[in-house]
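Each chain, letter by letter, is given below.
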Amino acid sequence: MSTHFETIVDGLADQGYAVVDNFLSTQEVDSILDLEEFKSSHLHFKKAGIGKQHNKQINETIRGDYIQWIDKKNCAKPLLIYLDRLERLIQHLNQNLFLSLKDYEVHMTAYPAGSFYKRHIDQFKSNDHRKLSIICYLNSEWKDAEGGQLRMHTAGGVKDVSPTAGRVVCFRSDLIEHEVLPATRQRLSLTGWLLDQLTELKHL
Ligand code: OGA
Ligand code: MN
């Protein structure tokens, strides 16, 4: 795992993003997909909005995913394994990139076939506590032709990443514009942000 952490540190320092395979093992992904929440995500997840709190609105022409925030204090073991890994990553990033990350927030995410998320940036205008975005994909045997790539618009050009199981992408929330391309099959992930202040329990 420490080489994964090193890859993330180096990628963030050099280009503002990093892509790491096998951040979660096949078994770790499978046990997450086995959870009731993911098996019947259509029953549990809610349509994601754009904007924050009172500015929040649903807009299908911008994003079409369904989400459920993870409650760190009361979540299933397979998700806890992922959250513990994020906590260790935060310590590693603070030590090696001189960041002062203090907390994180993660939601489970399902994009139904055909849905997308238009080009955007993750940092809110009214609240800049999201420093790094980190997304872990949960889709076994994803083929490039199925679409669903995360498309990042970076200083070095366009970078497309397929949402393959166990793969993590981490990028600067303030800097990297990105979008989710439509896919021909459902696309599952854990979507999170590393924050420089403690979260309130606002989402739950
Ligand atoms: C987001 C987002 C990208 C992805 O939820 O803000 O941009 O690859 N997700 O799921
Ligand atoms: Mn985003």
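Within every chain, residues take consecutive numbers counted from 1 along the sequence as written. Labels are handed out in written order, letters beginning with A for the chains and numbers beginning with 1 for the ligands. pLDDT decides what is reported in this predicted model: residues at 70 or higher carry local features, side-chain atom pairs at 80 or more are listed and counted, and totals for whole chains, interfaces and linings draw on all residues regardless. Neither water nor hydrogens contribute to the side-chain values; these are computed over all heavy atoms in the structure.

## Thoughts on the packing of helix H1 (residues 2-15) against helix H5 (residues 77-97)
We apply this condition: Interaxial angle, 0 to 180 degrees, is taken between N-to-C directions of lines fitted to C-alpha atoms, where a helix line uses only the stretch in contact. Only DSSP runs of H or I covering at least 4 residues are called helices, and only runs of E covering at least 2 are called strands; the numbering of each starts at the N terminus. Here roughly perpendicular refers to angles of 65 to 115 degrees, roughly parallel to angles under 35, roughly antiparallel to angles over 145, and oblique to all remaining angles. Left-handed is the label given to a crossing in which the near helix is rotated counterclockwise from the far helix by less than a right angle, and right-handed is the label when the rotation is clockwise. Contacts are residue-level and defined by heavy atoms, with any inter-residue pair within 4.5 Å sufficient. Under the scheme applied, nonpolar residues are Ala, Val, Leu, Ile, Met, Phe, Trp, Tyr, Cys and Pro; charged residues are Asp, Glu, Lys and Arg; polar residues are all the others, including Gly.
Their axes nearest at 10 Å, the elements H1 and H5 cross at an angle of 50 degrees. Between H1 and H5, the angle is such that the two are oblique. The two elements H1 and H5 cross, and the hand of that crossing is right-handed. Packed against H1, whose contacting residues are Phe5, Glu6, Ile8, Val9, Leu12 and Ala13, the element H5 presents Arg85, Arg88, Leu89, His92, Leu93, Asn96 and Leu97 at the interface. Partitioned by chemical class, the residues of the contact of H1 with H5 number 8 nonpolar, 2 polar and 3 charged.

## Digging into the sheet that holds strand E11 (residues 187-195)
For the record, the criterion: Paired strands, in this sense, are two strands between which DSSP finds at least two bridges.
Pairing is antiparallel across the open sheet formed by 7 strands, whose spatial order is E1-E9-E6-E11-E4-E3-E2. Only two strands of the sheet have a single neighbouring strand rather than two, namely strand E1 (17-20) and strand E2 (46-47). In this sheet, strand E3 (residues 66-69) lies alongside E2 in antiparallel orientation, the contact comprising 2 bridges. Bridged to Lys47 within E3 is Tyr66. Its contacts with the sheet place H1 against E1, strand E6 (130-137) and strand E9 (168-172), and it is angled at close to 150 degrees to E1.

## Looking at the sheet that holds strand E10 (residues 177-180)
Ordered in space as E5-E10-E7-E8, the 4 strands form an open sheet in which the pairing is antiparallel. The open sheet terminates on both sides in strands that have one partner only, identified here as strand E5 (117-120) and strand E8 (157-161). Each adjacent strand pair in this sheet contributes to an overall mean axis angle of 15 degrees, direction not counted. Taken together, the 2 bridges between E5 and E10 define a ladder with antiparallel strand orientation. Each residue of the ladder has a partner; that of Tyr117, found in E10, is Val180.

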